[in-house]
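So you can see what is in the structure, the chains are spelled out below.
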Amino acid sequence: MTEAALTSESAAATVEAPTRSAFALRALDVVIRSIVPVILALIAGGLLLLALSRNPLTFYGQVWKSGVENGAWQDSAILMAPLLLIAAGLTVAFRANIWNLGYSGQFLLAAALVSGWGPSLVQRLPLAVAFVLLFVIAGLAGAIWTIIPALLKAWYGTNEIITTLMTSFIAIDLANILIKGPFQDPTVTIPQTRVLPFSDMLPSIPGTRIHCGLLIAFAAVFVVYYALSRTSWGLRLRIMGANPRAARHFGVDLKRLIVTVFLASGFLIGLSAAADILGLWGYARANWNPDYGDTVIPFVFLARLNPLGVVPFIAFFSVLSTGGDLATAEVNLPTDFMLVLVALILLFMTIIEWLGRSRPLGTSYLTPGLKQALRAPLAARRSG
Amino acid sequence: MSSLLASQLVTNVFWTSVIAGGLLAGVPLMFTALGEAISERAGVLNIGLEGMMLFGAYAGFLGAYYGHTVWLGFLAGIGAGAATSLFMVVLCVWLGLDQIVVGIAITLAGGGITSVLQGAEFGNTYPRLGAVSTAPIPLLRRLPVLGRSLFEQPPMVYLGLAIVAVVAWVFRSTNVGLNLRAAGEKPEALDQAGVSVKATRSWAALTTGAFAGLGGAYLSVVSAGIFTPFITQGQGYIAIVIAMLSRGRAGLVLIFSFAFGVALSLADSLQIAGINLSADVVNMIPYVSIIAALIIFARSSYLPPALALPYVRGAR
Amino acid sequence: MVGITKRYPGVLANDGVTFTVKRGEVRCLLGENGAGKSTLIGILSGFVRPDAGSIRVDGASVQIDSPRAALDLGIGTVYQHSALIPALTVLENLMLGDSRALRLGVAAARARLAELAGSLGVDVDPEMRVADLALGAQQQVEIIKALWRGSRVLVLDEPTSMLTPQGVAELGAVLERLKQQGQGVVFITHKLHEALTLGDGITILRQGRIAGTIDSARMRSTDHEELRDEIVHLMFGAQADVYAEAPELQDELAEGHEPTPHRHGGHNEVLLELRNVTAEGERTELGVAEVSFDLREGEILGVAGVDGNGQRALAEVIAGQRPAARGEVLLFGAPVERLSVAARQKLGLRYVTDDRLHEGIVGSFPVGINLFLKRIGQPPFWRRGRIQRAVVDARATELVREFEIRTPSVATRAGTLSGGNVQKLLLARELSFSPRVVVFNKPTYGLDVKTATSVREQIRRLASIGGSSLVISTDLDELVELCDRIAVLSRGRIVGVIANGHGAAEEVGRLMVGAEAA
């Protein structure tokens, strides 16, 4: 079938200039597409609870109580810090059609380094300097850990989903080895690092218990937004994400771009580990994995890979998760139930997207290049 | 020190355990990877394989635990896997939604749901299944090393080998195999030849789910004898790598599965040989070997051109 | 087909079309690009369901709701874009979808292949991979596949776009044999002379409607010149004279003419030169090997050749998207290996790609941005890495006006523009900022006559101010009308460069075939 028939010149379709009401309609459309999946997922989760003979009202009620009331909103806000940074890191990668799924490993490795070197650094250096240094170390750790997947993809087109996942598993084991080995707290038998005294952790935002890591997170989100929408690097990134072939046509150095995107993504994820350790925990345990990345992914998609747009979603999920910790215990279920809710959100999002679409089937709401991520053959060693 | 190491490695016991362990860990991989090979050939990329394996593992465990026979476990696993892949079929093949996003959702759901169900069913206990009976081959079992490891395996293993052969035959000499190939290479051509691309891909995806479920069931029922949350630990993704490296050749799936199975089970074998490496180091081995394999074979993997692309008649 | 109507969003593709094919007749469906021919054929072959109308085969009313249904009715179609799978062998392609049995019927397939090949008078090796076949052979395989299940009507969608002039003659012979066997043939084309030469009857489609019919009796009794005038009037009505010179509308294969004297590039400076350039192809596409030629100031050099003989590799290696494995590309006398696409752009080397929608633009970006995507990071549009929106919008608005791009605004997503306007966008981008050497890859492919004519005008205008063009095209008529010299690309090699003039078309055809036979 030739394209000519479908883009008929002789009866050229003219697109109407968007009127103000059309714009408002589109905005409403976007809002609906983002909110409805969440609502549906919560309802479906409630049904699932009923099926397991648990009371959904108790569950969601407890979520609200433990997530917002009585100052609990501050705990939710604290959770936002690492989540936002990871969301920023994932947004950068996904917009470029790069599936950096190694966030767990990147996070844990950076966390191990920060909690291992943290205690001695804060004692030897002025606090502010130590913090900056630790954040940089964490970012670099995350970035460096993306190098192998980055090079494999840039040079051989190797599928990065696999490589980032595999390196992630390696990093998780490596982090454990570090925590149990050189970073082990010599004064205790539990496998964990030394604990930072509260006075040596990130200062709080005045008037709250929230550490300033949250401010760093907001700053990072804004930087990502600016970079993507206004800089030439961001434009090249978006072109590569929309269409790698066109990127070549426009002279984008794909190899270099792939590597820089990976590094940026890994760096942000490393930063999130620093914020979490230095702001909240103060130490790291072996075999610990808060699984932030898994739960952030759907919201990154829901926000249409928009770094600013993801903030309200992360806020929502922070409340849900903080409240959910106690709520799942209340109904006697493992905390993994939250993963189910998250998966439901993803699922409903894809369905709503399909239902609400007026464009022909087969096009995706994601940058078109993302779904081609694995189409580019592994044998693509031709470079442009 | 190194000669002590060497002498410990040369024992029969060590090699027997390596081979046996390789099979134990490799069979789940083999089934799953075989299924994935079928899907990939048809242009469907199943990132949700990990989730399907988990569903199969849990269902298989339940089936064997309550049904008191491994075969019910296997059947349950197959059913669970196929049911999960039905989601994939409806959302991706029929509705043309993004295969990767749906795959991620299935994996997250797999981990979360099975963990929740396990907790709901068994609370904090993790019941164990008894050892699985084997079907030893009469004469061959007397061979040293190979006898006890290769030829005293549960009947499912031999069945599995037969299945591999059948799949290879289907790929090579049947219309089904040709249709699968066409769906992956150039679905428009298949459509124009009058064969439904949707149907072809749907059946391929369902078969993959069934195989993955079987792989998961074998894992929990035979290899581990237990179900713990996230028991697959990334084996679904390893299976995807195996499928990619094998380029659609069933025989290669067998070989790679065994090789990675050895990597996965090396911890136990080393312990038997008296070599004590930390668990974390040994855990890394399979993943490091995957990366190594990907680096070495980076240039030569081949994926069908229409992989992961939804096909819609008449649209571009 | 009676009263067929089909609507797409914003477009009425077919409007009450009625169309008949008789046994043993070759009926031509003639119309310019975008007239609705492909939609009609899509309906006939089962890919598209009509909104209204009916279809009758051998007098009986039928419903064609899937490709399989069409095949079962004996309607076999050879599509414009190959329906063969390159990685598979000829036999595998032919067996595809043939039977519902489990095992592949290899022996039976071989027999049928031999039978059909014999009846068509062609020779095909069943075990060869389709990717390795010459294009004429590929088309023969496609025809065999269309006839595989025994057919009544063979539909050919623009078959000659893939053929050398000699290949067209061979196709004519095959059609003759088919007619003798009582087959009906529907032949779709946008080239008038093909319709006159190969058809027994012509139905003319214009903007979705039947504009007129010429039956076999009239075709036999009237001479070509008169028919041509009549047809052109039917196709374009009052505007006939405006387009009368377009190469698609000539009544014979274009003759070739002396290039206008002031452009005869004999003494002018060489702007672009290729010396022994070899570049690899991608996947199943051919690359180029040991290509050498030069391009002078003010010259229009054509590259003729059947599609898939290395055109893309040639264009990309010149533009900088693909590295040259061997040999040198020289721009203004200096080698450009190290220069990136952007750098070559700045020097004045431009590339208008044939893949407009998926490579030439980023559909989801606005028109304004698309116009400057080859200047990312450069002032005045970017300063220190940051975009200057006001400058971009202002300059974009100017370009849209200058090149007559029909778009609601510069902020509209480029992907929503029609094919012709996308091409205008590409031209606006590549032909602005002092172009010196421009590579055009299939610039008028798929465009309606009006836009195609304006594109050719742009090329001529470029030449008149001293710029040089390399026009890669599969359309021989166009090349003969436009170019000063024509190079022939076959199997990745330049097998000859001839000066335009009397008999150029035949010479090109000979070169193409000679290389194939070699």
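Everything numeric in this text was worked out from a predicted model, so none of it was measured.

Colleague: Lay out the overall build of chain B in plain terms, naming residues and giving numbers.
Modeller: When helices and strands are counted, chain B shows 13 helices and zero strands. Helices and strands appear in chain B in the N-to-C order α-α-α-α-α-α-α-α-α-α-α-α-α. At a minimum sequence separation of 6, the contacts of chain B that also span at least 24 residues come to 78%.

Colleague: So what's going on with the interface of chain B and chain C? Residues and values would help.
Modeller: Every contact between the two is made by 18 residues of chain B and, on the other side, 21 residues of chain C. Listing elements by their share of the side of chain B that touches chain C, those giving two or more residues are helix H8 (175-185) and helix H9 (187-192) of chain B.

Colleague: Any details on unusual backbone geometry? Residues and values, ideally.
Modeller: Excluding glycine, a negative phi dihedral is what most residues carry, and trans is how most peptide bonds are arranged. The omega angle of the peptide bond from Pro379(C) to Pro380(C) is 0°, so this bond is cis rather than trans. Relative to the elements of secondary structure, Pro380(C) occurs in the loop between helix H14 (367-370) and strand S17 (382-383). Positive phi, normally seen in glycine, also occurs at Phe230(B), with a value near 60°. The phi dihedral of Gln233(B) is positive, around 50°, even though this residue is not glycine. Examined against the element boundaries, Gln233(B) turns out to sit in the loop between helix H10 (197-224) and helix H11 (235-246).

Colleague: Requested: an account of H11(B), with residues and values cited.
Modeller: Working note: α-helix, 3.6 residues per turn, so residues spaced by three or four point in the same direction. Look at H11(B): 16 Å from first C-alpha to last across 12 residues, which is about the 16 Å you get at 1.5 Å a residue. Taken across its 12 residues, H11(B) has 12 buried, putting it largely inside the fold. Among all positions of H11(B), only Gln235(B), Gly236(B), Tyr237(B), Ile238(B), Ala239(B), Ile240(B), Val241(B), Ile242(B), Ala243(B), Met244(B), Leu245(B) and Ser246(B) are buried. Those residues of H11(B) hidden inside the fold are in contact with helix H8 (160-180) of chain A together with helix H2 (12-41), helix H3 (49-67), helix H12 (250-272) and helix H13 (279-296) of chain B. Directly beyond the C-terminal end of H11(B), a positive phi value near 50° is found at Arg247(B).

Colleague: Quick rundown of the sheet that holds strand S6 (residues 75-78) of chain C? Include the residues and the values.
Modeller: Residues and elements named next belong to chain C. Judged by pairing direction, the sheet is mixed, and its six strands sit side by side in the order S6-S7-S8-S3-S9-S10 without closing on themselves. Looking at the sheet topology across the chains shown, the edges are occupied by S6 and strand S10 (209-214). Taken over all neighbouring pairs, the strand axes of this sheet differ in orientation by 20° on average, direction set aside. Note that strand S9 (residues 201-206) and S10 share five bridges and pair antiparallel. Note that in S10 the partner of Ile202 across the bridge is Ile214. Along the sheet, helix H1 (residues 37-44) contacts strand S3 (26-30), S6, strand S7 (153-157), strand S8 (184-189) and S9; its crossing angle with S7, the most-contacted strand, is approximately 145°. Contacting S6 and S7, helix H5 (residues 135-147) runs over the sheet at an angle of about 165° to S6.

Colleague: Tell me about the packing of helix H5 (residues 103-124) of chain A against helix H6 (residues 127-144) of chain A, and please be specific about residues and values.
Modeller: All names here are of chain A. It is at 9 Å that the axes of H5 and H6 come closest, and there the two elements cross at 155°. Relative to H6, the element H5 lies roughly antiparallel. The element H5 and its partner H6 pack so that their crossing is right-handed. Here H5 contributes Gln106, Leu109, Ala110, Leu113, Val114, Trp117, Gly118, Leu121 and Val122 to the contact with H6, which in turn contributes Leu127, Ala130, Leu133, Leu134, Ile137, Ala138, Ala141 and Gly142. Among the residues making up the contact of H5 with H6, the classes are represented as 14 nonpolar, three polar and no charged.

Colleague: Go over the pairing of strand S4 (residues 52-57) of chain C with me, naming the residues and quoting the values.
Modeller: Consecutive residues of a regular strand have side chains that alternate between opposite faces of the sheet. All names here are of chain C. Where S4 lies against strand S5 (residues 60-62), three bridges are found, and the strand directions are antiparallel. Bridging from a neighbouring strand, Val57 pairs with Ala60 of S5. Where S4 folds back onto S5 in an antiparallel hairpin, the turn is made up of two residues, including Asp58, whose phi is positive at roughly 50°.

Colleague: Tell me about the environment of Gly177(B), and please be specific about residues and values.
Modeller: Residues and elements named next belong to chain B. Its location among the elements puts Gly177 in helix H8. Residue Gly177 is classed as buried on the basis of its 20 C-beta neighbours within 10 Å. Residues Gly177 and Ile272 lie 95 residues apart in sequence; the distance between their C-alpha atoms is 44 Å. In this view, Gly177 contacts Val170, Phe171 and Arg172; residues no more than four positions away in its chain are not counted.

Colleague: Explain the domain arrangement of chain C residue by residue, including any values.
Modeller: Residues and elements named next belong to chain C. Here the domain parsing of chain C yields domain 1 (254-348 + 435-518) and domain 2 (360-433). On a C-alpha basis, the centres of domain 1 and domain 2 stand 26 Å from each other. Contacts between the two partners involve 11 residues from domain 1, matched on the other side by seven residues from domain 2. When contributions to the side of domain 1 that touches domain 2 are tallied by element, the ones reaching two or more residues are helix H12 (341-347) and helix H17 (449-464). Ranked by residue count, the leading element in the side of domain 1 that touches domain 2 is H17, at four residues.

Colleague: Any details on the nonpolar core? Residues and values, ideally.
Modeller: Residues Leu84(A), Ala87(A), Ala274(A), Val300(A) and Ile242(B) are the most contacted members of the largest nonpolar core, which totals 380 residues. Each of domain 1 (254-348 + 435-518) and domain 2 (360-433) of chain C contributes no fewer than three residues to this core. Excluding anything up to four places from it in sequence, Leu84(A) contacts Ala217(A), Val221(A), Val311(A) and Ile314(A).

Colleague: Tell me about the sheet that holds strand S22 (residues 493-499) of chain C, and please be specific about residues and values.
Modeller: Residues and elements named next belong to chain C. Taken together, six strands build an open sheet; the order of strands is S16-S19-S20-S13-S21-S22 and the sheet is mixed. Where the open sheet ends on each side, the last strands, each with one partner, are strand S16 (349-352) and S22. Averaged over all pairs of adjacent strands, the angle between their axes in this sheet comes to 20°, without regard to strand direction. Sheet analysis places strand S13 (residues 300-304) next to strand S20 (residues 468-473), joined by five bridges and oriented parallel. Residue pairing across strands places Leu301 opposite Leu470, the latter belonging to S20.

Colleague: Give a description of the packing of helix H13 (residues 292-302) of chain A against helix H14 (residues 310-330) of chain A that names residues and reports values.
Modeller: Residues and elements named next belong to chain A. One can describe the packing of H13 onto H14 by two numbers: an axis separation of 9 Å at closest approach and a directional angle of 150°. In terms of orientation, H13 and H14 fall into the roughly antiparallel class. Where H13 crosses over H14, the two elements pack in a sense that is right-handed. Touching Thr295, Phe299, Val300 and Leu302 of H13 are Val310, Phe313, Ile314, Phe317 and Ser321, all from H14. Partitioning the contact of H13 with H14 into residue classes produces seven nonpolar, two polar and no charged.

Rules and cut-offs
Residues numbered from 1 in each chain as written. Chains lettered and ligands numbered in written order. Predicted model: local features only at pLDDT ≥ 70, side-chain atom pairs only at ≥ 80, totals over all residues. Helix = DSSP H or I, 4+ residues; strand = E, 2+ residues; numbered from the N terminus. Contact = placed C-beta atoms within 7 Å. Expected span 1.5 Å × (residues − 1). Buried ≥ 20, exposed ≤ 12 C-beta atoms within 10 Å, placed from the backbone. Pairing = 2+ DSSP bridges. Axes fitted to C-alpha atoms, helices over the stretch in contact; angles between N-to-C directions. Parallel < 35°, antiparallel > 145°, perpendicular 65-115°, else oblique. Left-handed = near helix turned anticlockwise from the far one by under 90°. Nonpolar A, V, L, I, M, F, W, Y, C, P; charged D, E, K, R; others polar. Domains from an automatic or database assignment. Core = buried A, V, L, I, M, F, W, Y, C linked by C-beta atoms within 7 Å.

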